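# Notes for the structure review
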Amino acid sequence: MGARTGSEYVERLAASSPTVFIGGERLEGGIPEHPAFRNVVETYAELFDLQHAEPETMTYESPTSGERVGMSFLVPRAHEDLVRRREMFKRWADRSLGTLGRTGDYLNSSLMAMSEAGEWFAQADGAYGENIRRYYELVREQDLLLTHTLIPPQANRSQGAGQQLGGQLTAHVVDRDDSGIVVRGARLLATIGAIADELLVFPSTVLRGGPEDEPYSFAFAIPCDAPGLRFICRETMDYGRGRFDHPLASRFEEMDAVVVFDDVHVPAERVFMLGHPELCNQLYIDTGAVVHMAHQVVTRTTAKTEFLLGLISCMTEAVGIEQFGHVQEDLAEVIIALETVRGLLRAAEADAAPNAFGVMSPRWEPLNAARNWYPRFYARLPAIVRKLGASGLMALPTEADVTGAARPDVEAYLQSATLDGPERVKLFRLAWDISISAFAGRQELYEYYFFGDPVRMAGALVRGYDREPYKARVRRFIDG
Ligand SMILES: Cc1cc2nc3c(=O)[nH]c(=O)nc-3n(C[C@H](O)[C@H](O)[C@H](O)COP(=O)(O)OP(=O)(O)OC[C@H]3O[C@@H](n4cnc5c(N)ncnc54)[C@H](O)[C@@H]3O)c2cc1C
């Protein structure tokens, strides 16, 4: 099949029947038409279509079928391959101004790296290496959209999974035979759970590593409409108000869901790891998956920072405040942030080298610096939008007013130095949707947490960073 079109994606979704709880309803399919999902489904369909509009950038020839398949599946062997991958990431990221976190390239990148690390999976069982490779090929050839769920429910973080509700709360293996495993319990979260084709249920890195963690230690993949699997969605932030009023939420509201496994059977060929908590804790690092995920993430956050620089610049120009020193300071801060993420991305590519499995991989340290820094920094961007937008972010009539009886007043009193009234309202509604709306709040939370808890990521960064040369230099200096 190869790279899908938007309508192929929507047709498959329409034919599937995931169990989804939302707003008091229990859905068994019908996702593409549901008001909470239809706009974001349309956006994802546009991303799939882009693969056909720009095949050179977005796809490459499959080594097995000869079909054009998504570029994020490309196994990089040379530096140019990393550039091709990044150019593809950027095209998709630009389409959502960096606000979509689960475009397929994010998890395709992780699966690509894992598929090449078959011998690592084979440490636990020879079949697992073959299972992950075959699964990667299936996803690549059918261009399936993946999401994942990694974290135990947030019940009591002072206890391990095995201690909560007698061990019943967190998803765990309750049965196992030659046909596969049976899983019961819950995980959070799965962004785009309801609109994805497949769910990766991979290890959380906070397993303590003892024998009590065995039932909670696994990596597998299942279709999102697997029997017994349920998604409990939060309230939608797409209020059905259209693109003028909610320019971002009406296109890019991805939805997050708690995942419940009610004795879900996972076929043996879709199990990639079972038991081995110590291996599970190392899965993302040892396979190189985290490096390729971060390559996609830092590309996306570059796109997002470019968007915010453009937006803030349009606002300061519109209301004539660019000449003020503190406004320039804020603009400078955004420019520096943009050049920082760009520089880290470029450094990671420039210092790329093959990993243990022969996959050309960006250098981890600059990407790790970016993935630790940006979650902490991101909140500054909407804060700057709010500070510079001020009351303009509240002087925001809706489309109904701008096109209705209030139009003469909008034209007369909401004009700006460079824009007429309706144009200014349009710009500031976009600013509102990235800095104040429910969508904006979720974006901030997402950027802070989606890659893991920044506090614990900082700990991992410190533990993994080679500081010995610098300590030695200090000791040499002290010793004279
Ligand atoms: C919008 C959004 C979308 C997401 N999408 C996905 C997704 O698609 N798939 C997925 O798998 N996950 C997803 N996540 C979950 C994400 O991985 C977690 O939010 C993140 O790993 C932090 O875990 P937590 O939310 O359970 O926070 P907790 O672990 O409950 O932490 C809460 C607070 O307690 C502190 N804390 C808790 N335990 C410890 C500890 N042991 N040591 C130090 N401090 C501690 C933390 O620092 C934090 O301040 C998403 C999260 C958000 C917000």
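Residues numbered from 1 in each chain as written. Predicted model: local features only at pLDDT ≥ 70, side-chain atom pairs only at ≥ 80, totals over all residues. Heavy atoms only, no water.

## Some thoughts on the overall build of the protein chain
- For the protein chain, the helix and strand inventory stands at 20 helices and 14 strands.
- Relative to the globule expectation of 23 Å for 480 residues, the C-alpha radius of gyration of the protein chain, 23 Å, shows essentially globular dimensions.
- Based on the C-alpha atoms only, the size of the protein chain along its principal axes is roughly 75 × 75 × 50 Å.
- Going through the 480 residues of the protein chain one by one, you find that 55% of them count as buried.
- By sequence separation, contacts in the protein chain at least 24 residues apart represent 75% of the contacts at least 6 residues apart. (Helix = DSSP H or I, 4+ residues; strand = E, 2+ residues; numbered from the N terminus. Rg over C-alpha atoms; globule rule 2.2 N^0.38 Å. Buried < 20%, exposed > 50% of the residue type's maximum accessible area, 1.4 Å probe, protein only. Contact = heavy atoms within 4.5 Å.)

## With respect to the pairing of strand E7 (residues 180-187)
- Counted residue by residue, E7 has 7 buried out of 8 residues, so it is predominantly covered.
- In this structure, strand E6 (residues 172-177) lies alongside E7, joined through 5 bridges in antiparallel fashion. Considered in E7, the bridge of Asp175 is made with Val182.
- What sits between the antiparallel neighbours E6 and E7 is a turn of 2 residues.
- By the bridge criterion, 7 bridges tie E7 to strand E11 (residues 257-267) in an arrangement that is antiparallel. What sits directly across from Val182, in E11, is His265. (Pairing = 2+ DSSP bridges.)

## Concerning the site of the ligand
- Every one of the 20 residues lining the ligand counts as a neighbour, but Leu150, Arg157, Leu189, Asp453 and Arg456 are closest to it.
- The separation between an oxygen atom of the ligand and a polar side-chain atom of Arg102 is 2.9 Å.
- Within the side chain of Thr191, one N or O atom sits 2.8 Å away from a nitrogen atom of the ligand.
- Breaking the shell around the ligand down by element, the ones donating at least two residues are strand E5 (146-149), helix H18 (438-449) and helix H19 (454-464).
- Per element, the largest residue contribution to the shell around the ligand is 4 residues, and it comes from H18. (Near = heavy atom within 4 Å. Polar contact = N/O pair within 3.5 Å; in protein donor to acceptor, adjacent residues only side chain to side chain.)

## A short note on a nonpolar patch on the surface
- Side chains of Val474, Phe477 and Ile478 sit close together on the surface and give an oily, nonpolar patch of about 380 Å² of accessible area.
- Tracing the sequence through the fold places Val474 in helix H20 (residues 468-479). (Patch = residues over 30% accessible without salt bridge, like charges linked within 9 Å, V, L, I, M, F, W, Y side chains within 5 Å. Areas by Shrake-Rupley, 256 points an atom, 1.4 Å probe, with all protein chains shown as cover. Salt bridge = Lys/Arg side-chain N within 4 Å of Asp/Glu carboxyl O.)

## A word on the sheet that holds E5
- If you trace the 4 strands from one edge of the open sheet to the other, you get E5-E8-E9-E12, paired in mixed fashion. Of all the strands in the sheet, the pair left with one neighbour each is E5 and strand E12 (271-274). Geometrically, the sheet is characterised by an average inter-axis angle of 25 degrees between neighbouring strands, direction not taken into account.
- In the sheet, strand E9 (residues 218-223) pairs with E12 via 3 bridges, with the strands oriented antiparallel. Bridge pairing in E12 places Phe218 opposite Leu274. (Axes fitted to C-alpha atoms, helices over the stretch in contact; angles between N-to-C directions.)

## Things to note about unusual backbone geometry
- Leu189 follows Leu188 through a cis peptide bond whose omega is -20 degrees.
- Relative to the helices and strands, Leu189 resides in the loop between E7 and strand E8 (198-201).
- In this structure, Met255 is a non-glycine residue whose phi angle is positive, near 70 degrees.
- As for its position among the elements, Met255 is in the loop between helix H9 (249-252) and E11.
- In this structure, Asp263 takes a positive phi of about 55 degrees despite not being glycine.
- By the element assignment, Asp263 lies in strand E11.
- Residue class for Asp263 comes out partly exposed when judged on its relative accessible area of 35%.

## A look at the pattern of salt bridges
- One pass over the full model with this rule turns up 35 salt bridges.
- The salt bridge partner of Arg91 is Glu54, with a shortest N-O separation of 2.5 Å. In this pair, Arg91 is assigned in helix H4 (residues 79-95) and Glu54 in the loop between helix H2 (38-53) and helix H3 (55-58), connecting sequence segments 37 residues apart.
- For Glu54, a relative accessible area of 24% gives the class partly exposed.
- Among the ionic pairs, Lys387 bridges to Asp330, the shortest N-O distance being 2.8 Å. Separated by 57 residues along the polypeptide, Lys387 in helix H14 (residues 380-389) and Asp330 in helix H12 (residues 325-350) bring together distant segments of the chain.
- Look at Lys387 and you get partly exposed, because its relative accessible area is 45%.
- Connected through shared salt-bridge partners, Lys90, Asp94, Glu306, Glu339 and Arg342 make up one network.

## Considerations on the sheet that holds strand E1 (residues 19-22)
- On the basis of which strands lie adjacent, the open sheet formed by 6 strands has the order E2-E1-E10-E11-E7-E6 and mixed pairing. A strand with exactly one partner marks an edge of an open sheet, and here the two such strands are strand E2 (25-28) and E6. The average angle at which neighbouring strand axes cross in this sheet is 15 degrees, direction not considered.

## Looking at the nonpolar core
- Ranked by size, the top nonpolar core spans 138 residues in total, and within it Phe37, Ile195, Leu199, Phe202, Phe220, Phe261 and Leu311 carry the most contacts.
- For this core, the element with the highest residue contribution is helix H11 (residues 289-318), accounting for 14 residues. (Core = buried A, V, L, I, M, F, W, Y, C linked by side-chain atoms within 4.5 Å.)

## Let's talk about the environment of Ala122
- Looking at the element boundaries, Ala122 is found in helix H6 (residues 118-122).
- The spacing of Ala122 and Met273 is 151 residues in sequence and 8.8 Å in space, taken between C-alpha atoms.

## Regarding H14
- Turning to H14, its buried residues number three or more, namely Leu381, Pro382, Ile384, Val385, Leu388 and Gly389. For H14, the angular spread of buried residues about the axis comes to 155 degrees, placing them on one side.
- Contact partners of the buried residues in H14: H11, H12, helix H13 (364-377), helix H17 (421-435) and H18. (Arc of directions from axis to C-beta.)

Distances and angles like these do not, on their own, reveal function.
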